[in-house]
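Spelled out from the first residue to the last, the chains are:
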Amino acid sequence: MAELPTINLALYAQTDVGMVRSGNEDNFLILDLSTGRSWTASEEEPSDLLTYAQGYYGSLLAVSDGMGGALAGEVASRMAVDTVRDRMLQLQAHEVYSRLPFHERLRLSIEEANILIHGESQTNPAHKGLGATFTGVATHGSQVFFGQVGDSRAYLIRGGNIVRTTKDQSLVQQLIDAGQITEEEAETHSYRNVILQALGAHGSVNVEVGCLTLCNMDTLVICSDGLSGKVHQDEIAQIVHESRDFRSACQLLINLANERGGEDNITVVIAQFSGSGLALPEPPQGEPQSLARSPDTPTEINWGGGASDDQLNVPAVPVGDIVNAVEVGATQPLEAPSAQTAPFTSKVDPVTTELSRTTDPLNPLRPITSVFAPIDLNDDPEVGPLPSAKTEPFESHDTRPIHPQNSAAVPSQHPPISKADSDTEELSPVDKDPQFSKGGGRSRKGLFFLVGLALLVIGGLAVGVTAHFKQQAQAALQQAQIKIENQNQKDGRIGSLRDKIAELNKRLQASEKPSTKKRLNDIVESLNRLSQRLDDVNKISPDQLNEISQVCDDIGKELSKIEEEVNSLLHGLLPPMETDRDPIKV
């Protein structure tokens, strides 16, 4: 009896906090869909998932880069990997939803993660503004599907070539597609960290799904922008090729990114596929085939048993050519999931390298990536993004297939590679705005960032940006101008009140009348309390201009009363006994 064709996986995953940030907001997912075994960044390394035979239901590998600052970014990335893991298992075990095509179950699982993260951001004040990128690589038989939200990346190494199989959902990628900048210019562009989509940023998300066929000895590399922003793809291929196993390859890639600054968290997953179930290597056929969302894919999952066959007008999922008889039927039907399948507030212990790290006590959590969603630019849902541009062919170099072995020894450094080290860029204060950055904290400079971004896009119109992108830029500019006007009004109100407090303090300090000394000290205390209230007002977003105006009006009235009393005291209009009364309450 002939043996069944097999597909074997050899892999490793690692995450690192980097050289600057105090916490690790990245996460990864390794999932055997046939057995339900999984591995994330918060769990110990499972030896049975470093090499295994792929079963009937396939596998899922993913990287998620959280944003939102402090605990929020970590929570978002953990929610992303946990939710996608749980939904993939639940959907494939469901009587009706299991009939959805494999790639649509992947899309729907990522969409579900977006809904949960967005809900957490809206309902939990401690997690306001949290979000995450997500790059998932799911294999089913010899087919591999890429699910993309944000700017984490997936690469395919085949024979002598490395190609990027995902497209960043970022501003610079749109400028590349429009022909405004080159790939090389994008690597050092000032807005290279501005992304257009993230899980949790809005109630809905557009998951880009692509597909290609795996070949024997294909190697997939999935990473966060903490690696791709520091290490060129040719260098990634060279390190993977020259390393003795995938464990050391992950460590060497992380070490190189840290040597070049390590401003962001760094996560990398490497997996190689081999076996008789895969065809011989063929040259990569450019970008993966894009798969649009099926109209039969539900926008909301009904776990209460209400789903019926007539709701999904799709045929049963084909069995395919690759079946491991031992694994078929390994996944049993699961109970309907709760709104939150696991708590998302526990800390993740970061995996660190032996390299020394720098810390900044004034800003221990340096923001890295900004989120700039299309809905923030244009309220018209009919206006879509720029059309995609074809990717230029990649130059080839000799990359022999490697055979990873499980080795614990990891070299601490890697010899220099031909590409020059990237310069470490000073992080802009604009990234402190929680609406647009990983990290949190508001800054007026964030408003000018919006104007600069809009002007950048408008400047490109002269050389061929399409009409709908012009509409987006104009809308962005208009919104930015409104925010700047609100900020100016806020600064003006607060500034005039501070000037009045300073003037009154100066007059009080100039008085030397012993009979009024106690009363004048009480007034100084009142002025100090008003100054503290202005500090609180300054923390309010300029979008809440009505609230700011109301508080400033109240403070202004209190200052008017204090000014009248100061005038009376200094001009002797109040008798000495009046100076012993209680201070003005503010």
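Just above sits the structure.
Scope of this entry: the structure provided in the associated data block. The written sequence of each chain sets the order in which its residues are numbered from 1. Local features in a predicted model are, by the rule used here, given only for residues with pLDDT of at least 70; side-chain atom pairs are given and counted only at 80 or more, and totals for whole chains, interfaces and linings are based on all residues. The basis for every side-chain value is the complete set of heavy atoms in the structure, and neither hydrogens nor water enter the calculation.

Remarks on the packing of helix 11 (residues 517-538) against helix 12 (residues 545-570)
The packing of two helices is summarised by the inter-axis angle and the distance between the axes.
Phase 1 of the analysis: Look at helix 11 against helix 12: their axes get within 11 Å of each other, and the N-to-C directions meet at 165°. With respect to their mutual orientation, helix 11 and helix 12 come out roughly antiparallel. Handedness of the helix 11/helix 12 crossing: left-handed. Between helix 11 and helix 12, the residues in contact are Arg519, Leu520, Ile523, Ser526, Leu527, Leu530, Arg533, Leu534 and Val537 and Ile548, Val551, Cys552, Asp554, Ile555, Glu558, Leu559, Ile562, Glu565, Val566 and Leu569, respectively.
Phase 2 of the analysis: Residues are grouped as follows: Ala, Val, Leu, Ile, Met, Phe, Trp, Tyr, Cys and Pro are nonpolar; Asp, Glu, Lys and Arg are charged; all remaining types, including Gly, are polar. Of the residues belonging to the contact of helix 11 with helix 12, the class tally is 14 nonpolar, 1 polar and 5 charged. Axes here refer to lines fitted to C-alpha atoms; in helices the fit is confined to the stretch in contact. Angles between the N-to-C directions go from 0 to 180 degrees. Every helix listed is a DSSP run of H or I at least four residues long, and every strand listed is a run of E at least two residues long, numbered separately from the N terminus. Throughout, the term roughly parallel applies to angles under 35 degrees, roughly antiparallel to angles over 145, roughly perpendicular to angles from 65 to 115, and oblique to all others. Each helix crossing is assigned a hand: it is left-handed if the near helix lies turned anticlockwise from the far helix by less than a right angle, otherwise right-handed if that turn is clockwise. By definition in these notes, contact holds between two residues if any of their heavy atoms fall within 4.5 Å.

Observations concerning the nonpolar core
In globular proteins that are soluble, nonpolar side chains generally tend to be buried together.
Phase 1 of the analysis: Take the buried residues of types Ala, Val, Leu, Ile, Met, Phe, Trp, Tyr and Cys, join any two whose side-chain atoms come within 4.5 Å, and each joined set is a nonpolar core. Under the scheme applied here, a residue whose accessible area is under 20% of the maximum for its type counts as buried, over 50% as exposed, and between as partly exposed, the area being computed with a 1.4 Å probe on protein chains only. Formed by 51 residues in total, the largest nonpolar core has its most connected members in Leu11, Trp39, Leu227, Ile236, Val268, Ile270 and Phe273.
Phase 2 of the analysis: Among the elements that line this core, the one with the most residues is helix 7 (residues 246-259), at 8 residues.
Phase 3 of the analysis: Ignoring anything within four residues of it in the chain, the contact list for Ile236 reads Tyr155, Ile162, Val221, Leu227, Val231 and Leu253.
Phase 4 of the analysis: Residues Leu60, Phe102, Phe145 and Cys211 belong to the second largest nonpolar core, which totals 33 residues.

Here's the deal with the environment of Thr135
Phase 1 of the analysis: Within the secondary structure, Thr135 is located in strand 7 (residues 134-140).
Phase 2 of the analysis: Classification of Thr135 as buried rests on a relative accessible area of 0%.
Phase 3 of the analysis: Taking the C-alpha atoms as reference points, Thr135 and Gly150, 15 residues apart in sequence, are found 7.7 Å from one another.
Phase 4 of the analysis: Discounting residues that sit within four places of it in the chain, Thr135 has contacts with Leu61, Ala62, Val63, Gly147, Gln148, Ser152, Arg153, Ala154, Thr166 and Ile222.
Phase 5 of the analysis: What qualifies as a polar contact is a pair of N or O atoms within 3.5 Å, subject to a donor-acceptor requirement within protein and to the restriction that residues adjacent in sequence count only when both atoms come from side chains. Engagement of the side chain of Thr135 in a polar contact is seen with the backbone oxygen of Ser152, the distance being 2.9 Å.

Comments concerning the pairing of strand 5 (residues 59-67)
Regular strands have side chains that alternate between both faces of the sheet.
Phase 1 of the analysis: Taken across its 9 residues, strand 5 has 9 buried, putting it largely inside the fold.
Phase 2 of the analysis: In strand 5, alternate side chains face the same way, and those of Ser59, Leu61, Val63, Asp65 and Met67 on one face and Leu60, Ala62, Ser64 and Gly66 on the other are all buried.
Phase 3 of the analysis: At least two bridges found by DSSP between two strands is the condition for calling them paired. The pairing of strand 2 (residues 26-32) with strand 5 spans 7 bridges and is antiparallel. Bridge pairing in strand 5 places Leu31 opposite Leu60.
Phase 4 of the analysis: The pairing of strand 5 with strand 7 spans 5 bridges and is antiparallel. Paired with Leu61 across the bridge in strand 7 is Val137.

Re the packing of helix 6 (residues 233-242) against helix 7
Phase 1 of the analysis: Between helix 6 and helix 7, whose axes approach to 8 Å, the crossing angle comes to 145°. You can see that helix 6 and helix 7 cross each other, and the crossing is right-handed. Where helix 6 abuts helix 7, its residues Ile236, Ile239 and Val240 lie against Phe246, Ala249, Leu252, Leu253 and Leu256.
Phase 2 of the analysis: Residue composition of the contact of helix 6 with helix 7, grouped by class: 8 nonpolar, no polar and no charged.

Here we look at helix 12
Phase 1 of the analysis: In a regular helix each residue adds 1.5 Å, so 26 residues correspond to 38 Å; helix 12 covers 36 Å between its end C-alpha atoms and thus fits that length.
Phase 2 of the analysis: All buried positions along helix 12 are accounted for by Leu545, Ile548, Cys552, Ile555, Gly556, Glu558, Leu559, Ile562, Glu565, Val566, Ser568 and Leu569. Expected span of a helix: the number of residues minus one, times 1.5 Å.

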